[in-house]
Amino acid sequence: MARSACSFGFIGLGNMGSRMARNLSMYAQKQQYARVQVWNRSSAKSKQLAENCVCDVADSIQSLVWACDIIHLCLANDDAARATVDEILAVKKQDIILVDHSTLFPKTSKALQDKAAQYGVIFCSCPVFGPPSAAESAVLLVALAGREEARDRLKGYVVPVIGKAIIDCGEDASQGALLKILGNHCILGTIELLSESFALAEKTGFDVNRFYEFIENHFPAPAWLNYGKKIRDGAFSGATGFTIVGGMKDAGLIHRLGKETSTPTPVIDQAWDNLNTARSLGGESLDWSACAAGMRVAARLDPFKGEDFSILKEGNDNPNAG
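Here the structure is a predicted model, which means the values were calculated and not measured.

**Student:** Describe the overall build of the protein, listing the residues and the values that go with them.
**Tutor:** Per the secondary structure count, the protein includes 14 helices and nine strands. Over its C-alpha atoms the protein spans a radius of gyration of 21 Å, differing by no more than 12% from the 20 Å that the globule rule assigns to 322 residues. Principal axes of the C-alpha set define a box for the protein whose edges measure 65 × 45 × 40 Å. In the protein, buried positions account for 50% of the 322 residues.

Listed below in structure tokens is the structure:
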């Protein structure tokens, strides 16, 4: 018999959200809670998830809200988050917790927290660090900010269901969003640095496999190992990663934060240019590690090594057309 202690919903089933929702559904089943309710603007993704795990596809956001008391969100950008939260609040159901995994500008997260409070709803910023493979394995690093009673409730299952560890950012939701932007600044900066270093190694004739061996031994952090390998091999498919579109969106958030605080962000400015070059050559579906393709062009190397992702090569239609 299903217990009513927790009833979960999950909205936004992209590369990250679908994997987190699957783990949440497995947890709910194990705890004998109600089946997780899922919803996505593209219904095909909801149906695909329901075929592979124990969850129910909600008919609408409204029906999901009525069925759930904790609703996880993983949305593409600030506009999508604002629109979705507005739909949830319009139901006028009180005493629910919104757990937002989206990467948002800090002011947006704070505004959503304040607006939700007016409706008797608790909004928590809960962005995560790690690629889709880490989401699938539930080893994400989780930032968490929101009212204390909600944070305490979420800490009861977020580790180990979604991540391996939580960084508690306090009551103000903007602080969780801010940590996410600062962290992404470091990650995109790492991709830019690796792009330059591998291009320099190739131009000087140094064995890139030996250079990667140096990274494995001296910088054995997940971002260095993951993106270093992708850049070494030219493995820029975004099918299971983080796309250029998302990367440029996050670079824009970093740049905006720098502008509003009079803080230069030259590394991100350079990364933006390289991402833009890579997008023009290979399309928007590439992984953001394709930043390296832009750097390779600047270094007068072929943009792609290994698989050729060029969208204008003969016989290869633009995957973003139509």
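Now, onward.
**Student:** Tell me about the sheet that holds strand β8 (residues 140–144), and please be specific about residues and values.
**Tutor:** Backbone hydrogen bonds hold the strands of a sheet together, and the pairing may be parallel or antiparallel. The strand order across the open sheet formed by three strands is β7-β8-β9, and the pairing between neighbours is mixed. The sheet is open, and its two borders are formed by β7 (128–129) and β9 (163–168), each paired with just one other strand.

**Student:** Tell me about the packing of helix α10 (residues 208–218) against helix α11 (residues 222–233), and please be specific about residues and values.
**Tutor:** Running from N to C, α10 and α11 point in directions that differ by 175°, and their axes come no closer than 10 Å. Classified by the interaxial angle, the pair formed by α10 and α11 is roughly antiparallel. In this structure, α10 uses V208, N209, Y212, I215 and E216 to contact α11, whose residues at the interface are W224, L225, G228, K229 and R232. Among the residues forming the contact of α10 with α11, the class breakdown is five nonpolar, two polar and three charged.

**Student:** Got a sec to walk through helix α1 (residues 17–30)? Specific residues and values, please.
**Tutor:** The terminal C-alpha atoms of α1 lie 20 Å apart, and with 14 residues this matches the ideal 20 Å at 1.5 Å per residue to within 8%. The buried count for α1 comes to 10 of 14 residues, which makes it a mostly enclosed element. By the burial criterion, the buried members of α1 are G17, S18, R19, M20, A21, N23, L24, S25, Y27 and A28. Trailing α1 by a residue or two, Q32 shows a phi angle of about 60°, which is positive.

**Student:** Before we move on, can you summarise the environment of D287 with the specific residues and values?
**Tutor:** Relative to the elements of secondary structure, D287 occurs in the loop between α13 (266–282) and α14 (291–298). Judged by relative accessible area, D287 falls into the buried class, the value being 0%. When the C-alpha positions of D287 and K203 are compared, they lie 23 Å apart, and in sequence the two are 84 residues distant. The contacts of D287, once residues within four sequence positions are left out, are Y227, K230, F236, S237, G238, G241, F242, T243 and I244. Polar contacts involving the side chain of D287 include one to the side chain of K230, which spans 3.2 Å. Here S289 takes part through its side chain, which lies 2.7 Å from a polar atom of the side chain of D287.

**Student:** A description of the sheet that holds strand β2 (residues 36–39) should follow, citing residues and the corresponding values.
**Tutor:** Spatial strand order, β3-β2-β1-β4-β5-β6: six strands in an open sheet with parallel pairing. Of all the strands in the sheet, the pair left with one neighbour each is β3 (55–57) and β6 (122–125). Between one strand axis and the next, the sheet turns through 20° on average, direction left out of account. In terms of strand pairing, strand β1 (residues 8–11) meets β2 through three bridges, oriented parallel. The partner of F10 across the bridge, within β2, is V38. Of the strands in this sheet, β2 and β3 touch helix α2 (residues 43–52), which is tilted by about 155° from β3.

**Student:** Let's hear about the state of the cysteines: which residues, and what values?
**Tutor:** In a disulfide, the sulfur atoms of two cysteines are covalently bonded to one another. Applying the stated criterion across every chain yields a total of zero disulfides. There is no disulfide at C53, and the cysteine sulfur nearest it, in C55, is 3.6 Å away. This cysteine, C186, is not joined by any disulfide, and C169 carries the nearest cysteine sulfur, 14 Å off.

**Student:** Which residues make up the side chain of S102, and what values go with them?
**Tutor:** Residue placement: S102 occurs in the loop between β5 (97–100) and α5 (106–118). For S102, a relative accessible area of 4% translates into the label buried. One polar contact links S102 to D100, side chain to side chain, over a distance of 2.7 Å. Contact partners of S102, with chain neighbours within four places excluded, come to L73, C74, L75 and P127.

**Student:** Tell me about the layout of surface pockets, and please be specific about residues and values.
**Tutor:** Sizing a probe to match a water molecule and rolling it over the atoms shows the empty space that remains. Considered as a void within the structure, the second largest pocket measures approximately 270 Å³ in volume. If you trace the second largest pocket, you find it lined by L13, G14, N15, S18, R19, R22, N23, K45, Q48, L49, N52 and E136. Elements with a minimum of two residues in the lining of the second largest pocket: α1 and α2. Taken together, the residues of the lining of the second largest pocket sort by class into two nonpolar, six polar and four charged.

Rules used in this analysis
Residues numbered from 1 in each chain as written. Predicted model: local features only at pLDDT ≥ 70, side-chain atom pairs only at ≥ 80, totals over all residues. Heavy atoms only, no water. Helix = DSSP H or I, 4+ residues; strand = E, 2+ residues; numbered from the N terminus. Rg over C-alpha atoms; globule rule 2.2 N^0.38 Å. Buried < 20%, exposed > 50% of the residue type's maximum accessible area, 1.4 Å probe, protein only. Pairing = 2+ DSSP bridges. Axes fitted to C-alpha atoms, helices over the stretch in contact; angles between N-to-C directions. Parallel < 35°, antiparallel > 145°, perpendicular 65-115°, else oblique. Contact = heavy atoms within 4.5 Å. Nonpolar A, V, L, I, M, F, W, Y, C, P; charged D, E, K, R; others polar. Expected span 1.5 Å × (residues − 1). Polar contact = N/O pair within 3.5 Å; in protein donor to acceptor, adjacent residues only side chain to side chain. Disulfide = S-S within 2.5 Å. 1 Å grid on protein atoms, 1.4 Å probe; cavity = no way out; pocket = protein on both sides within 12 Å on 5 of 7 lines; lining within 4 Å. Points joined across faces, edges and corners; volume = space filled by probe spheres on them.

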